[in-house]
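A closer look at the structure
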Amino acid sequence: METGTIPIENCPGGFDLYLTLESGQSYLWRREDGQMYAGDGTDTASSDDHGRWYSTVVDGDVIRVRRRRASTAGATDGVLEWEATSDREATIRRLLRLEDDLEAIVDSTPDDPLLEKAYDAYRGLRLVEDPPFGTLISFICSAQMRVGRIHDMVSTLARTYGDAVAFDGETYHAFPRPDQLAAATESELRDLGLGYRAPYVVRTAEMVASGEARPEAARDLEYEDAREYLTRFVGVGDKVADCILLFALGFDEAVPLDTWIKTAIADYYPDCDRGNYAETSRAIRERFGGEYAGYAQTYVFHYLRTGQ
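The text that follows walks through the structure, step by step, so that each part is easy to find. (Residues numbered from 1 in each chain as written. Predicted model: local features only at pLDDT ≥ 70, side-chain atom pairs only at ≥ 80, totals over all residues. Heavy atoms only, no water.)

1. Quick look at the overall build of the protein chain
Of regular secondary structure, the protein chain possesses 14 helices and 7 strands. Taken over the C-alpha trace, the protein chain has a radius of gyration of 19 Å; the compact-globule value for 308 residues is 19 Å, and the two agree within 12%. Principal axes of the C-alpha set define a box for the protein chain whose edges measure 55 × 55 × 35 Å. Taking the contacts inside the protein chain whose residues are at least 6 apart along the sequence as the reference set, 66% of them involve residues at least 24 apart. Counting every atom, the protein chain has about 12,900 Å² of accessible surface; 42% of that belongs to carbon and sulfur. Here the protein chain holds 33 positive side-chain charges and 55 negative ones, and the gap between their average locations is 3 Å. (Helix = DSSP H or I, 4+ residues; strand = E, 2+ residues; numbered from the N terminus. Rg over C-alpha atoms; globule rule 2.2 N^0.38 Å. Contact = heavy atoms within 4.5 Å. Areas by Shrake-Rupley, 256 points an atom, 1.4 Å probe, with all protein chains shown as cover. Lys, Arg positive; Asp, Glu negative; His and termini not counted. Charge placed at Lys NZ, Arg CZ, Asp CG, Glu CD.)

Put into structure tokens, the structure is as follows:
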């Protein structure tokens with residue numbers, strides 16, 4: 001076992017582990033007390049994240065992280081403690097985007113009352129960079145689902161089809177590889193609660209397993225071309241494509257037009273409603289500042305969803 005700590009004071013703009021992993025952008029981590037998304041994300045006591053272990057499996061390695069209070073007098077931000085099968089500090093920094101200058105990103109946001117309230121309420125929330133295939137399947141499963149149910153569904157897929165990995169006396173499960181999900185039947189997935197999403201998951205997994213299309217290929221395209229590329233996967237429309245671009249592929253300008261962002265547009269930015277996804281997307285991205293519009297989206301999404 002490899003272990004280490006990352007001082008949170010070294011993360012520009014701070015870091016809140018709970019907000020980052022339970023803000024509705026990631027379904028590939030597990031909270032080891034079994035309570036992840038238990039309150040559907042409406043528990044806003046982020047300061048209580050000290051001591052909660054979160055885990056994920058990346059390329060066969062188990063990674064566990066938790067935030068704990070600093071033992072050094074005067075160090076108020078604490079540390080991110082990690083354990084892993086091998087030295088995974090660089091992976092953790094990438095997955096949790098600890099190198100992002102969050103303070104500069106917030107400062108670059110346009111002056112806007114809603115954005116200011118959201119940033120003030122949830123300082124330390126960072127975007128994630130989850131593995132592309134797991135993110136693709138997670139957001140295909142997200143249609144018409146609350147965040148807690150999505151997380152349960154994705155966890156069930158991992159337990160049922162993913163590789164079991166032993167670590168520190170416990171068994172963890174990786175998210176299934178494309179070939180593992182492609183071998184599942186629609187009937188099996190329906191029995192696991194996927195409903196009408198079952199054929200979408202099977203067909204998309206078949207596409208990736210066969211090499212017909214890969215979500216990673218979108219990285220090399222311009223933003224709107226990348227979104228169009230991802231819609232070739234079965235069950236992926238523009239909104240799901242934007243989620244994959246934002247939470248797995250580093251397109252920080254992406255703004256998924258989900259229910260909460262549509263609510264924000266209706267209540268705060270009605271002039272951005274252009275009657276179709278592409279034009280409305282361009283308008284709200286510009287209103288949210290362009291380059292880091294996806295950061296603004298994630299804060300607004302969480303702010304409105306939790307009823308602040």
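That covers the picture; the talk isn't over yet.
2. Focus on helix 9 (residues 198-210)
Counted at 1.5 Å a residue, the expected span for helix 9 with its 13 residues is 18 Å, and the 18 Å between its end C-alpha atoms agrees. Residues of helix 9 that are buried sit in contact with helix 5 (132-140), helix 7 (178-182) and helix 8 (186-191). Among the residues trailing helix 9, G211 stands out with phi positive, at a value near 85°. (Expected span 1.5 Å × (residues − 1).)

3. Quick look at the side chain of E22
Looking at the secondary structure, you find E22 in the loop between helix 1 (17-21) and strand 2 (30-31). Of the residues examined, E22 reaches a relative accessible area of 2% and is grouped as buried. Side chain to side chain, E22 and R31 meet in a polar contact 2.8 Å long. A polar contact of 2.6 Å, which involves the side chain of E22, links it to the side chain of Y54. (Buried < 20%, exposed > 50% of the residue type's maximum accessible area, 1.4 Å probe, protein only. Polar contact = N/O pair within 3.5 Å; in protein donor to acceptor, adjacent residues only side chain to side chain.)

4. Let's talk about the sheet that holds strand 5 (residues 79-84)
The strand order 1-5-4-3-2 describes an open sheet built from 5 strands, whose pairing is antiparallel. On the outer flanks of this sheet lie strand 1 (2-7) and strand 2, each paired with one strand and no other. Two elements, strand 2 and strand 3 (residues 54-58), share 2 bridges in a ladder whose sense is antiparallel. Residue pairing across strands places R30 opposite S55, the latter belonging to strand 3. (Pairing = 2+ DSSP bridges.)

5. Some details on helix 10 (residues 223-230)
For helix 10, every residue scored as buried is listed here: Y223, A226, R227, Y229 and L230. Considered in projection along helix 10, the buried side chains sweep an arc of 160° and stay on one side of the axis. Buried residues in helix 10 make contact with helix 11 (238-248) and helix 13 (277-287). (Arc of directions from axis to C-beta.)

6. Here's the deal with the pattern of salt bridges
The tally for this structure, following the rule as stated, stands at 24 salt bridges. Note that R93 and E99 form a salt bridge whose closest N and O atoms lie 2.8 Å from each other. The class for R93 is partly exposed, based on a relative accessible area of 23%. As a salt-bridge pair, D120 and R123 come within 3.9 Å of each other at their nearest N and O atoms. By relative accessible area, D120 is classed as exposed at 57%. In the salt-bridge network here, residues are joined through shared partners; they are E224, E279, R282 and R285. (Salt bridge = Lys/Arg side-chain N within 4 Å of Asp/Glu carboxyl O.)

7. Observations concerning the packing of aromatic side chains
This model, assessed by the stated rule, comprises 11 aromatic pairs. An angle of 85° between the planes, with centres 6.4 Å apart, marks the rings of Y229 and F233 as edge-to-face. A single burial state applies to Y229 and to F233, both of which are buried. In this structure an aromatic cluster arises from ring pairing among Y27, Y37, F139 and F247. Sitting above the plane of the W53 ring, R64 keeps its charged end 4.1 Å from the centroid. (Phe/Tyr/Trp six-rings, centres within 6.5 Å; stacked < 30°, edge-to-face > 60°. Lys NZ or Arg CZ within 6 Å of the ring centre and 35° of its normal.)

8. Looking at the side chain of T204
Looking at the secondary structure, you find T204 in helix 9. Overall, T204 belongs to the buried group, its relative accessible area being 0%. Other than its neighbours up to four places away in sequence, T204 contacts L136, I137, I140, F233 and V234.

Note that all results are geometric; they support no functional claim without further evidence.
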